[in-house]
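Residue-level structure breakdown
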Amino acid sequence: MTWLASRSFALTCAVQRLARRPWATLTTLVLAALAIALLLALGTLALALQPAWTRLGAPTQAVVFLKIGATTADITQLTSTALSQPGVTGASHVPRDAALAGLARIAPGAALPEIKVNPLPDAIVVRFAARASPEETRAAIASLSQATRVDAVQFDAQRHRRWHASIALALAIAGGLGLVTLLITSGLVLVAHRALAPLDPDEREVLHLAGADPGFANLPAALAGALLGGASALLAIALVAGGMTALAPVTEELRSAWGSDVAWSLPALSTLATLAAVGVVIGWLGGRCSHR
């Protein structure tokens, strides 16, 4: 047989080998694609978010300033009102004298000019849950602003919106990666190793009797592995691209909230081609090693 004819015959054998065990082949393909997609998604996401890591922060509290002359009863009632709001996890009173003392500690030279009358009001520090939605915080702030004896409410709504959008994206990705990891682990332990198992215990002997050398006897398995590796890499790229499309509304909200041009996207075509080539090589080596 010529070199081309022998390789064509080996490729035909490889395809037949994969087709004879469709479920094992499909399982291996999906699991390998998920593993590659996991790495690709993590890599692209880390690169996309790297410039924004230092700007992420959790604005978890609002400060409610009472009018001068607010009584203890006013403070108690406002604290109860704050604690009754959805998303609020705590509220604490900061007396006006304590606020003045704190201001003195951070003043230049740790001293303030002599003040005969304390101009600062009492305040209530309201703490929100880390996952409180922007709608919940807006409703709570509006309710507190209209409460009796309230002068003003300080809360950075835009910063909270940024934080919430970041958390939503992180949780969606973490949940998906957790499910993918579970599927990969279960599949690799239970069934993946069967996909390239020898189909016929006498196959190698028959090839030897026909005059095939040891290298050619291993060639169909190596080609089957290469086909699986390449197909897995391509499927992984498609999965990541589909995931990016599904998460597009969340990522767009994140970009809008931060006023950023950071974009989560696939790498350049040359990088994706290299990834597919690596999948082919690893599959080739795996196929040869599985029959040694």
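It should be emphasised that the depicted structure is a prediction, and the values quoted were computed from it without experimental measurement. (Residues numbered from 1 in each chain as written. Predicted model: local features only at pLDDT ≥ 70, side-chain atom pairs only at ≥ 80, totals over all residues. Heavy atoms only, no water.)

Observations concerning the overall build of the protein chain
Helix and strand content of the protein chain: ten helices and four strands. Ordered by position in the sequence, the α and β elements of the protein chain form the string α-α-β-α-β-α-β-α-β-α-α-α-α-α. The buried share of the protein chain, taken over its 292 residues, is 37%. Looking at the protein chain alone, contacts between residues at least 24 apart form 85% of all its contacts between residues at least 6 apart. A total of about 16,500 Å² of accessible surface is found on the protein chain, and carbon and sulfur atoms cover 66% of it. (Helix = DSSP H or I, 4+ residues; strand = E, 2+ residues; numbered from the N terminus. Buried < 20%, exposed > 50% of the residue type's maximum accessible area, 1.4 Å probe, protein only. Contact = heavy atoms within 4.5 Å. Areas by Shrake-Rupley, 256 points an atom, 1.4 Å probe, with all protein chains shown as cover.)

Brief notes about the nonpolar core
With 24 residues, the main nonpolar core has Leu169, Ile173, Ala236, Val240, Leu247 and Trp264 as its most contacted residues. Contributing elements (two or more residues each) for this core: helix 2 (22-49), helix 6 (157-190), helix 8 (214-246) and helix 10 (269-289). In terms of nonpolar packing, the next biggest core, distinct from the first, is built from 19 residues, Val64, Ala70, Leu78 and Val150 among them. (Core = buried A, V, L, I, M, F, W, Y, C linked by side-chain atoms within 4.5 Å.)

Concerning the packing of aromatic side chains
Applying the stated criterion across every chain yields a total of one aromatic pair. Arranged with centres 5.5 Å apart and planes meeting at 55 degrees, the rings of Phe128 and Phe155 form a pair that is tilted. On the criterion of sequence distance, the pair formed by Phe128 in strand 3 (residues 123-128) and Phe155 in the loop between strand 4 (150-154) and helix 6 is long-range, its members being 27 residues apart. On the accessibility criterion, Phe128 (4% relative accessible area) is buried. A residue is classified by how much of its surface remains accessible, and Phe155, at 16% relative accessible area, is buried. (Phe/Tyr/Trp six-rings, centres within 6.5 Å; stacked < 30°, edge-to-face > 60°.)

Describing the pattern of salt bridges
Within this structure, the stated rule accounts for two salt bridges. As a salt-bridge pair, Arg149 and Asp74 come within 3.6 Å of each other at their nearest N and O atoms. With a gap of 75 residues between them, Arg149 in the loop between helix 5 (134-145) and strand 4 and Asp74 in helix 3 (residues 72-83) connect regions that are remote in the sequence. Note on Arg149: relative accessible area 29%, which makes it partly exposed. The exposure class of Asp74 is buried, given its relative accessible area of 17%. Between Glu135 and Arg138 there is a salt bridge, and its shortest N-O distance comes to 3.6 Å. Taken together, the positions of Glu135 and Arg138, both in helix 5 and three residues apart, correspond to about one turn of that helix. Accessibility expressed as a relative area gives 49% for Arg138, which makes it partly exposed. (Salt bridge = Lys/Arg side-chain N within 4 Å of Asp/Glu carboxyl O.)

Regarding helix 5
The terminal C-alpha atoms of helix 5, which comprises twelve residues, lie 16 Å apart, in line with the 16 Å expected from a rise of 1.5 Å per residue. Taken together, the buried positions of helix 5 are Pro134, Thr137, Ala140, Ile141 and Leu144. Down the axis, helix 5 shows its buried residues gathered within 130 degrees of arc, on one side only. (Expected span 1.5 Å × (residues − 1). Arc of directions from axis to C-beta.)

Structural notes on the environment of Gly69
For Gly69, the position within the fold is in the loop between strand 1 (61-66) and helix 3. Looking at Gly69, the relative accessible area reads 54%, which means it is exposed. Between the C-alpha atom of Gly69 and that of Asp122, which follows or precedes it by 53 residues, the distance is 8.7 Å.

Regarding a nonpolar patch on the surface
A contiguous nonpolar patch, built from Trp23, Leu26, Val30, Leu235 and Leu239 and spanning about 480 Å² of accessible area, is present on the exposed surface. Secondary-structure elements contributing two or more residues to the nonpolar patch are helix 2 and helix 8. The biggest single contributor to the nonpolar patch is helix 2, with three residues. Along the chain, Val30 falls in helix 2. Take Val30: its relative accessible area is 35%, and that puts it in the partly exposed class. (Patch = residues over 30% accessible without salt bridge, like charges linked within 9 Å, V, L, I, M, F, W, Y side chains within 5 Å.)

Some thoughts on the sheet that holds strand 2 (residues 88-94)
The strand order 2-3-1-4 describes an open sheet built from four strands, whose pairing is antiparallel. The sheet terminates laterally at strand 2 and strand 4, the two strands that pair on one side only. Taking each pair of neighbouring strands and ignoring which way they run, the sheet shows an average axis angle of 20 degrees. Across six bridges, strand 2 lies against strand 3 in antiparallel orientation. Its bridge partner being in strand 3, Ala91 is matched across the sheet by Val126. Packed on one face of the sheet, helix 3 meets strand 1, strand 2, strand 3 and strand 4 and runs near 160 degrees to strand 2. Strands in contact with helix 5 are strand 1, strand 3 and strand 4; relative to strand 4, the strand with the most contacts, it is inclined by about 160 degrees. (Pairing = 2+ DSSP bridges. Axes fitted to C-alpha atoms, helices over the stretch in contact; angles between N-to-C directions.)

Remarks on the environment of Leu42
Considering the arrangement of structural elements, one finds Leu42 in helix 2. It is 9.0 Å that separates the C-alpha atoms of Leu42 and Leu177, two residues lying 135 residues apart in sequence.

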